[in-house]
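One-letter residues, chain by chain:
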Amino acid sequence: MTSPITSRRSFLGLAAASTLGAFGLAACGTSGPAPSGGASGGGGGGTATMWALTGQPAEGIRKNAVEAFNKLGKGTITVTTFQNDPYKAKIRTAIGAGEAPTLIYGWGGGILKSYADADQVEDLTSWIEQTSGFKERFLPSTWGAATLGGKIFAVPIQSTQPVLMYYNKSLFEKAGAQPPTTWDDVMKLVEVFNGQGVAPFSLGGQSKWTSMMWLEYLLDRIGGPDVFDAIFANKADAWSDPAVLESCTKIQDLVKANGFIKGFSSIAADTNADQALLYTGKAAMMLHGSWAYGGMKDANPDFVANGLQVGNFPSVNGGKGDPANIVGNPANYFSISAKATDAEKEVAKAYLTDGLFTDAEVQAWIDAGQMPVAASASDKLAGTADATFLQLVFDLVSRAPNFQQSWDQALSPGQAETLLTNIDQLFLLKLSPEQFATAMNATIGK
Amino acid sequence: MSVLTTDTEAGTGAGPAPAPAAASRPTRLDLLVLPALIFFIAFAFIPMIGVLLLSFTDWDGISAISFAGFASWRQVFTDPGTYHALWLTLALMIVTWLVQTPISLLLGVFVAGHQRYRAALAVLYFLPLLLSSAAVAIAFKSLLDPNFGLAAGLHLPFLAQDWLGDPTLAFVTVVFVIAWQFIPFHTLIYQGGVRQIPVSMYEAAQIDGAGRIRQFFSITIPQLKYTIITSSTLMLVGSLTYFDLIFVLTGGGPGDATRILALDMYITGFKANQMGAASVIALILVVFGLALTLGIQRLGGTDRGASQMEGM
Amino acid sequence: MTTMTVAGRTSATRVKGRHNYLGGLLSWIWLAVIILPIYYVVITTFKNQGDYFSSNPLSLPIPPSFTAYSQVIKADIGLYFMNSVIVTIGTVVPVVLFGFLASYAIVRGNSRLLRYSRWLFLLGLAIPLQATIIPIYLIITKIHMYDSLGALILPSIAFGLPLTVLILSNFLRDVPKELFESMRLDGCTDWQMAWRLAFPLTRPAVVTVGIYNGLNVWNGFLFPLILTQSPDKRVMPLALWAFQGEYSVNIPAVLAAVVLSTVPILVLYVVGRRQLLSGLTAGFGK
């Protein structure tokens, strides 16, 4: 059958046109991620790019801070945001492709070390020394995770994020119970709440690092910080320490006692679904980072104002660890990409000195219920809406004998990934504590 | 006989002056295959070599690439996780085939019938295929939420299992969702195949007294031999490399309950930053795929050169 | 019309007499299985976030709320749609074009190059796309095409070729040699024979592979995941995945994105259904 498009000329013409058109449009993207649509800031300065995470309140505060900076005329910064889990993968491929943003968001520790080893991030030590007063603007305990071999590779930003216990007050009142102070209290409360048809603990198990927080605290309470220090120092068989085995056993006891909400291993923290379970009254307690306070405040301010109580992780009878120790993220960090142009690096540095932790930004963090790592913050707490919470966080952080960095950030990426998978298996009761220790020992030195 | 209406076109032969024929003919045809060849070699074949080469490194994605001998190979083959992924992949392939083929075949036969409502059914059956795997996964993720999803809506507590959180259930769920998305496709293939079976065969069988079931097994299935092979090849090779849907639905979890080979490769490469090991896993995938395709070819006995229209 | 419908009636016209009750029942069950999730997705998009958590998931939203859709539309979904269109057309046209030419050459010729090509494409069928993603990432970054739509198009073309060549060459093989001979006698070159004779005859198969490749590329996820990073280079499946996070617990919005991403294909389906189905069954039924 004949048909119009078999006319060679017209068909080829159509094919050529559409392909060329498509290629033309597609090729428009070949130049690297040039900052598109930057703010209409002052005339001076070059441009730089920044990657960060989605999620309120951080996202909004950062957006305002960057906009304010862009108006200063020292340069224009464009921000791209990603969800937590995808970000961790994306940043790596970007760096590997030579398309890293100028300002790289991170958590310090092992991943930062891998960047530094690959010469992908700037050594900021001398610049910081030379910029008078800069170092003192930040809480002293936060520089640790950014310092590798005596050199500083990142600047602390955002808030300090210890991991805390969150309690639904009305559920406790209904049960006539008190928040736990010891681990035995925890196990008793599990029975109480299960009896009431309420899940004792909410948990976003699918994200795995949420489960990890439990193990971090238990290990610290039972064995003290030395146990993980040995692991971090890659000492052989460090994971076989009795404290590790006891922690794993306790966790599995908690799981077997139905301590966590049904279906926890398919709930993802990225969507804040685990926080929703607490404030909708489906779970009575939750272990989460201090960022959850801000997240819940954003979603359900009434709950946070009236129905929420916060506390430190319970102690464990007979444990060697100081009950005042905390785990979490000392801070978040910005590094500067070593592969950025000099102009971009200048803009980035300008942001770190003039755009970061302005009074407005510090106030914004406090108002959102997050404790910024700026030294100037502690004076501003009084009288703010979340003063109680922030003071609690500040006190915890400043008084803690030891602030253990999240394991998946402290360790190398390869170790971290295996750790997360094994913790997941542990919570699913598919690995015994001994098997967990064996599996993790195999990662020592990787 | 098959009808071609292009006779008139071929007959006129009105065209530009004949080009110098014989001498340039072999070269001409070779030229025609070049664009496809170049693209394929550049973006499929060379990467394959690249995978082989990368498997001998321990690249972490951001440093310089350095030779590491068999280190990555050793890592992968001594890791129980690799064997687990292999086993899962095999299980997925087999279960998928066992679930999808009978259903698609039956549906295809059914829909090929000429009743009007069957055509309408076919239209609706096709809907899942229009969705991307990401869309399907996202939709099912919220659907299967034990607290807020379909189970709660239908008030069937038995449906309110921890579909995506329990390791065994997660595997079953994955099989189900994949089937949901792809049975329509295979139904279509079988429908097409069934439509080609000449009625004369069925009429003859009916005259001989064969019932519907007998007809199905003695006529339909044998006649669908090549269709079954095509569909099965696509299904098996497809499930070997299945990534998108499982990635979005479970991310390989819970634990490693759905961490099939392709996912294992992604996680090893892009989460644990062990590109060398990931390349080794990739090679395993390729070998597996090659063996599978060649195996099915041999089993099916199709000689790709012969036309299937012989004897008609 | 083509070599498709063989002499006389096919099984499509059979079955008069006893109704197939079991078959009917099973088919309705399957219909429910297909429709229920789709129904759930669609009605959820018309609820707002608060209601989603409190109401019965299957209940109809009255009155319907369009917030979810407006949120999604404001979030650049038009851009992602265009990206998907560009990548799909940019891939399908070359795949069909080059694939057809290659198939023609392979079927009609028998030089060594052509024989090796045939085997190469056959083996290519067995190469899983996922396995090559890391080297492709390397190649793309080396030629400075990282984070561009072109980065998605080039490998997609390569991976669409094997099946295309397979199906088209199968089809071409059924074209009787005599037709080509008679055209040759009339003095036509291979190029002319390809376009004037072979192409029209293989049109159903061309439609098939066009659609098959188009769907694969449109729904492709892994390549965009690894090879692009900027939000403005996202294609639809990736955008959906990103939406899932950006909208946190706002399930109605996430599902609205899912619905919107499907609507264009749905429209195409409604408009071109007959073509689509006949094309698909033609190519694969053999």
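Quick caveat, the model's predicted, so the values are computed rather than measured.

Thresholds applied
Residues numbered from 1 in each chain as written. Chains lettered and ligands numbered in written order. Predicted model: local features only at pLDDT ≥ 70, side-chain atom pairs only at ≥ 80, totals over all residues. Helix = DSSP H or I, 4+ residues; strand = E, 2+ residues; numbered from the N terminus. Buried ≥ 20, exposed ≤ 12 C-beta atoms within 10 Å, placed from the backbone. Contact = placed C-beta atoms within 7 Å. Pairing = 2+ DSSP bridges. pLDDT = per-residue confidence, 0-100. Domains from an automatic or database assignment. Nonpolar A, V, L, I, M, F, W, Y, C, P; charged D, E, K, R; others polar.

Participant: How do you make sense of the overall build of chain B when you look at a structure like this?
Facilitator: On a plain count of helices and strands, chain B comes out with 15 helices and zero strands. Residue burial in chain B is summarised as follows: out of 312 residues, 47% are buried. Within chain B, contacts between residues separated by at least 24 positions form 68% of all contacts whose residues are at least 6 apart in sequence.

Participant: Help me understand the environment of A146 of chain A in this model?
Facilitator: Residue and element names in this part refer to chain A. Among the secondary structure elements, A146 is positioned in the loop between α5 (125-130) and β4 (147-148). Of the residues examined, A146 has 25 C-beta atoms within 10 Å and is grouped as buried. The spatial distance from the C-alpha of A146 to the C-alpha of Y87 is 19 Å, given a sequence separation of 59 residues. A146 has contacts with G108, L112, I152, F153, A154, P156 and Y333, leaving out every residue within four places of it along the chain.

Participant: Just to check I follow, could you spell out the pairing of strand β11 (residues 326-329) of chain A for this structure?
Facilitator: Looking along a regular strand, one sees side chains alternate from face to face of the sheet. Here two bridges tie strand β7 (residues 161-168) of chain A to β11 of chain A, and the two strands are oriented antiparallel to one another. When the bridges of β11 of chain A are listed, P162 of chain A appears paired with G328 of chain A.

Participant: Could you clarify how one ought to interpret unusual backbone geometry in this entry?
Facilitator: With the exception of glycine, most residues fall at negative phi, and the peptide bonds are largely trans. Residues and elements named next belong to chain A. Although it is not a glycine, K208 adopts a positive phi angle of roughly 65°. The phi torsion at N258 lies on the positive side, around 60°, for a residue other than glycine. By the secondary structure assignment, N258 is in the loop between α10 (242-256) and α11 (273-279). When the 15 C-beta atoms within 10 Å are taken as the criterion, N258 is described as partly exposed.

Participant: What is the right way to look at the confidence of the model for chain A in this model?
Facilitator: All names here are of chain A. Of all residues in chain A, 90% attain a pLDDT of 70 or more, and the chain-wide mean is 85. Looking over chain A, one finds the lowest element-wise mean pLDDT in helix α1 (residues 8-27), namely 48, and the highest in α10, namely 95. A low-confidence stretch, residues 1-18 stays under pLDDT 50, and its non-local contacts, those more than four residues away or across chains, total 17 contacts. The low-confidence segment residues 26-43 (pLDDT under 50) makes 45 contacts with residues lying over four places distant or belonging to another chain.

Participant: What's the story with the domain arrangement of chain A in this structure? I'm lost.
Facilitator: Residue and element names in this part refer to chain A. Once the domains are mapped, chain A shows domain 1 (47-160 + 330-380) and domain 2 (162-328 + 406-441). The gap between the C-alpha centroids of domain 1 and domain 2 is 28 Å. The partner domain 2 presents 17 residues to the 18 residues of domain 1 that form the contact. Per element, the largest residue contribution to the side of domain 1 that touches domain 2 is four residues, and it comes from helix α4 (residues 109-117). Of the residues contributing to the side of domain 1 that touches domain 2, the split by class is five nonpolar, twelve polar and one charged.

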